[in-house]
Amino acid sequence: MSRRPRRLSACAFALAVVATATAAGEPPARPWMNTSLSPDARAALVVQAMSQDEKFQLITTAYGSASDGKPAPACALGSAACAPALSRLGLPALQETDAGLGVARPLNAHSRDVATALPSGLATAASWDPAVAEAGGAMIGREAHRKGFNVLLAGGVNLLRDPRNGRNFEYAGEDPLLAGVMAGHAVRGIQSQHVVSTLKHYAVNDLETGRNTMNAKLDRVAARESDLRAFEIALGIGAPGSVMCAYNRVNGTYACENAWLLDQVLKRDWGYQGFVMSDWGAVHSAAKSALAGLDQESAGETFDPQVFFAAPLREAIAKGEVPQARLDDMVRRILRSLFAVGAIDHPAKAAPIDYAADAKVSQHAAEAGAVLLRNQDNLLPLARTLASVAVIGAHADRGVLAGGGSSAVTAQGGNAVPGLAPTVWPGPVMYHPSAPLAAIARRVGGKASYASGEDIAAAAKLAASSAVAVVFVQQWAAESFDRPSMALNGHQDALVAAVAKANPRTVVVLENNGPVAMPWLAQTAAVLEAWYPGNAGGEAIARLLFGEVAPSGRLPLSWPRDASQLPRPAIAGAGLAAIGLPPQGQPADTVDYDIEGADVGYRWFQRRGSEPLFPFGYGLGYTTFGYGPLTVTTDAAGAVTASFAVTNTGSRAGADVPQLYVQLPGEQVSRLVGWQKLALRPGETKRVRLALPAVRFARYDDRGHGWRVAAGTYRLLLGRSSAQIEQRAELRLPAVFPAGAQR
Ligand code: BGC
């Protein structure tokens, strides 16, 4: 396991403040505090006033917690990193904290700080509702600000190329457009609170096994049309102040010293104005990294072999290997981002947090993102008049599972099931104290009884004597390892099979990182994908089961039948002995993503002509929807407008997500180009009009160095999922060269 040491923080809580006193001499006039100037102008003024030492102070951060016997630095708040305030200049300390699902300070045992935990990034993505992502971002950004942080290490947007990747739950699924839009809105929400967000991990950090050295091999054009496209879209929407470069190598060169990724694509082609920070332990050089476009080294004193952006970079500048202008550019970019989000004008500082209100934001995301995968004979929604419900497994009497690693948030009430292995990094295994059992018991007129599931026979007996059985299954995943298979751990498959046999009215609720094998699927009546549902998850699940809110999530991923359907059936070296999954073999030096290239997820299935268990975009509800004819218009610039009517043809209110895909001329595979989530009352019809910018129909043209729409006939497909197409239309597009910034 290659991961930094994690130690308890012994630091006291010290707030980042804008210092007004000066270190020595006359206070500078600080013309950069003039808020009518642009962030660029303000940053340039600070750079002019800075000494070389002050510049160097800003381009490194230190680990924000005690570690390896080393005390935490004076600026530390017990989090991921900090850099001291530049008091002479009136600049606050940089205070960085993980991550995308809430303010995560798992090691801050001294302050025992808690925060609101959003559901998985995959749950938010499964809502297909940018407003859900933005509200979640704003909520965690506000909590970060009120805990004294001005940088949130959020914005995970690595594409889901493998359901076994241990960090899928931090990301936004397999499709570059959906993932980019959802991550972009999350970032926008965070930054609305005067907190810089990252976008990470740039790039192709799509597996955890061997992540610190692994080489991700991916053709450059394919990368531009897949992993990089997700970043490009998110960047256009969210304008993140920082992009975090990844641990792995990309086509042979470490991501944080990869000039093609950082300088060429990010900064030149996409015109990115913010700063690139390294992942923790991802820096391998001074001059090479600086020249490639790295702007800030994160916690190098703890995680890198040495602090490259200290003496080694000074030396490289002195020798003329790295121009002084590059150092100034690094500093300017960092300052510009802080000014742009208002982190300097509205400094982060301790303030009260309304945890009850924030839990509602999390609950709403969990409800909007849960996906109903199966519902035979409309067993769901459950009636409150049920005589009895058996609630079984996955500690449903105590809480709901969360993913592990740096993004793990300790919610109010702490860990509901402490002591499960691993209790140390990448643990602890965390259950948020929102018990589904209690939430179900509050709703059902009859009795709700619990069986842990450890004794399969006892669980089956309880199920047999109950009107309905709800079995919870769990799959813990975490940063730093991948699961070697899609199977559920332990005897959970046997448990579900036995319960379903004892009572055909069995509902399975999944709390998981992503697709798992479900050998018992056909025996069950209903399956609800709840992901890691966040710290109001128990309540959200109960509301969905009882129809207080209708499930409306759609899969942001393809659900394979088994690993043999994947581009890479095995991940060499995947596993984690601490949870009974001993790694099999050595991690591969190179992972060949050229196998599928840009045909990630549903496009891979289409290319192979194989059927997943559930397709990308799939999800049921408690009502039905009908689609009217699809009409399409185009303009000279290649922009397409599609419109159609959606009617709720059932008897309950619900929300639908009609999706538009396109087949490019001569292509069999399709590509998501638009969607809309809309709520409809029974019998109600709404007209949907989707403006689809030309770039969504474009391929990346390496020779022309840009996006290019080929003249020809395109097939537009309106579907309920990538595999269930209801309406088709053809359109002719002229040759156009749209800007990538179009979304
Ligand atoms: C993770 C990042 C995280 C950083 C700081 C790294 O190991 O890959 O996502 O932000 O640690 O904790």
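None of the values given here were measured: they were computed from a predicted structure.

## Comments concerning the state of the cysteines
Argument step 1. Applying the stated rule across the entire model yields two disulfides.
Argument step 2. Disulfide partner of cysteine 75: cysteine 82, at an S-S distance of 2.1 Å. Between cysteine 75 and cysteine 82, the S-S dihedral sits near 70°, and the bridge is therefore right-handed.
Argument step 3. Residue classification places cysteine 75 among the buried residues on the basis of a relative accessible area of 14%.
Argument step 4. The class for cysteine 82 is buried, based on a relative accessible area of 2%.

## What about unusual backbone geometry?
Argument step 1. The residue after lysine 200, namely histidine 201, is reached through a cis peptide bond having omega -5°.
Argument step 2. The peptide bond linking tyrosine 202 to alanine 203 adopts the cis configuration, its omega dihedral lying at 5°.
Argument step 3. Tracing the backbone through its elements, the reader meets alanine 203 in the loop between β5 (196–202) and β6 (215–217).
Argument step 4. In this structure, alanine 394 is a non-glycine residue whose phi angle is positive, near 50°.
Argument step 5. Considering the arrangement of structural elements, one finds alanine 394 in the loop between β12 (388–392) and β13 (400–401).

## A few points about the confidence of the model for the chain
Argument step 1. The pLDDT averaged across the chain works out to 94; a share of 95% of its residues lies at or above 70.
Argument step 2. The low-confidence segment residues 1–26, where pLDDT is below 50, has 74 contacts with residues more than four positions distant or belonging to other chains.

## Side note on the UniProt feature "domain: Fibronectin type III-like" (unreviewed entry) in the chain
Argument step 1. The sites that UniProt annotates as "domain: Fibronectin type III-like" (unreviewed entry) are residues 656–722.
Argument step 2. The distance from the first to the last C-alpha atom of residues 656–722 is 14 Å, and the span holds 0% helix and 54% strand.

## Comments concerning the sheet that holds strand β17 (residues 506–511)
Picture the strands of a sheet paired through backbone hydrogen bonds; they go either parallel or antiparallel.
Argument step 1. A sheet is described by the order of its strands in space; here six strands give the open sequence β11-β18-β17-β16-β12-β15, paired in mixed fashion. A strand with exactly one partner marks an edge of an open sheet, and here the two such strands are β11 (371–375) and β15 (447–451). Pairwise comparison of adjacent strand axes, ignoring direction, gives a mean angle of 15° for this sheet.
Argument step 2. One ladder, built from four bridges, connects β12 with strand β16 (residues 468–474); its direction is parallel. Each bridged residue has a counterpart across the sheet, and for valine 389 the counterpart in β16 is valine 468.
Argument step 3. Strands β12, β16 and β17 of the sheet are contacted by helix α16 (residues 492–502), whose axis makes an angle of about 170° with β16.
Argument step 4. Most of the contacts of helix α17 (residues 537–545) go to β17, to which it runs at about 145°, and overall it touches β16, β17 and β18 (526–529).

## A closer look at the nonpolar core
Argument step 1. Tyr202, Trp280, Leu313 and Leu335 are the most contacted members of the largest nonpolar core, which has 105 residues in total.
Argument step 2. No other element matches the eight residues that helix α12 (residues 324–341) contributes to this core.
Argument step 3. A domain split of this core shows at least three residues from each of domain 1 (31–341) and domain 3 (625–733).
Argument step 4. If we ignore the near neighbours within four places in the chain, the residues touching tyrosine 202 are Leu228, Phe231, Val243, Met244, Cys245, Ala246, Ala255, Leu261, Leu262, Val265, Leu266 and Trp270.
Argument step 5. Among the nonpolar cores identified, the runner-up in size contains 32 residues, and Leu462, Val496, Leu510 and Tyr618 belong to it.

## Quick notes on the pairing of β12
Argument step 1. Burial analysis of β12 places five of its five residues in the buried class, which makes it a mostly covered element.
Argument step 2. Here five bridges tie β12 to β15, and the two strands are oriented parallel to one another. Note on β15: the bridge partner recorded for valine 391 is tyrosine 450.

Cut-offs and rules
Residues numbered from 1 in each chain as written. Predicted model: local features only at pLDDT ≥ 70, side-chain atom pairs only at ≥ 80, totals over all residues. Heavy atoms only, no water. Disulfide = S-S within 2.5 Å. Buried < 20%, exposed > 50% of the residue type's maximum accessible area, 1.4 Å probe, protein only. Helix = DSSP H or I, 4+ residues; strand = E, 2+ residues; numbered from the N terminus. pLDDT = per-residue confidence, 0-100. Contact = heavy atoms within 4.5 Å. UniProt positions renumbered as here; feature names shortened; annotations may be inferred. Pairing = 2+ DSSP bridges. Axes fitted to C-alpha atoms, helices over the stretch in contact; angles between N-to-C directions. Core = buried A, V, L, I, M, F, W, Y, C linked by side-chain atoms within 4.5 Å. Domains from an automatic or database assignment.

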